[in-house]
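# Analysis of the macromolecular model
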Amino acid sequence: MSYSIDFRRKVISTRKNEGLSIRETAKQFRIGPASVSRWINQIESKASTTRQRKIDIAKRHYFDNSQLCFFAAYQGIGCNHF
């Protein structure tokens, strides 16, 4: 049987708000626990599959000359390369 999106949302929100187990939720709505479990997994998998850029611009770190010289000295390279 196919259930509407609104019904699925109601089932999942009721489970979350009332702190019910999958089995308790299924019994309350008279549906199979496999359906409840599948709907929860579908929501969680959508949340975890959001694409991320390889390089997040906000996380880039630009070094100033003094930091570059420090790293260069650590690697045994002179600062005149910067």
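Residues numbered from 1 in each chain as written. Predicted model: local features only at pLDDT ≥ 70, side-chain atom pairs only at ≥ 80, totals over all residues. Heavy atoms only, no water.

Here we come to the nonpolar core. V11, I12, A26, F29, I31, V36, W39 and I40 form the largest nonpolar core, which has eight residues in total. Put simply, the parts of the chain that give this core at least two residues each are α1 (5-18), α2 (22-29) and α3 (33-48). Among the elements that make up this core, the one with the highest residue count is α3 (three residues). With residues up to four places along the chain from it excluded, the contact list for V11 reads T25, F29, I31, V36 and W39. (Core = buried A, V, L, I, M, F, W, Y, C linked by side-chain atoms within 4.5 Å. Buried < 20%, exposed > 50% of the residue type's maximum accessible area, 1.4 Å probe, protein only. Helix = DSSP H or I, 4+ residues; strand = E, 2+ residues; numbered from the N terminus. Contact = heavy atoms within 4.5 Å.)

With the rule as written, the count across this model stands at four aromatic pairs. Residues Y3 and W39 carry aromatic rings whose centres are separated by 5.5 Å and whose planes lie at 80° to one another, so their mutual orientation is edge-to-face. Remark: W39 occurs in helix α3 and Y3 occurs in the segment before α1; sequence separation between them is 36 residues. (Phe/Tyr/Trp six-rings, centres within 6.5 Å; stacked < 30°, edge-to-face > 60°.)

Here we take up α1. The α-helix winds at 3.6 residues per turn, so residues separated by three or four positions along the chain end up facing the same way. For α1, spanning 14 residues, the distance from its first C-alpha to its last is 20 Å, which sits close to the expected 20 Å at 1.5 Å a residue. Looking one or two residues beyond α1, the residue adopting positive phi is G19, at roughly 65°. (Expected span 1.5 Å × (residues − 1).)

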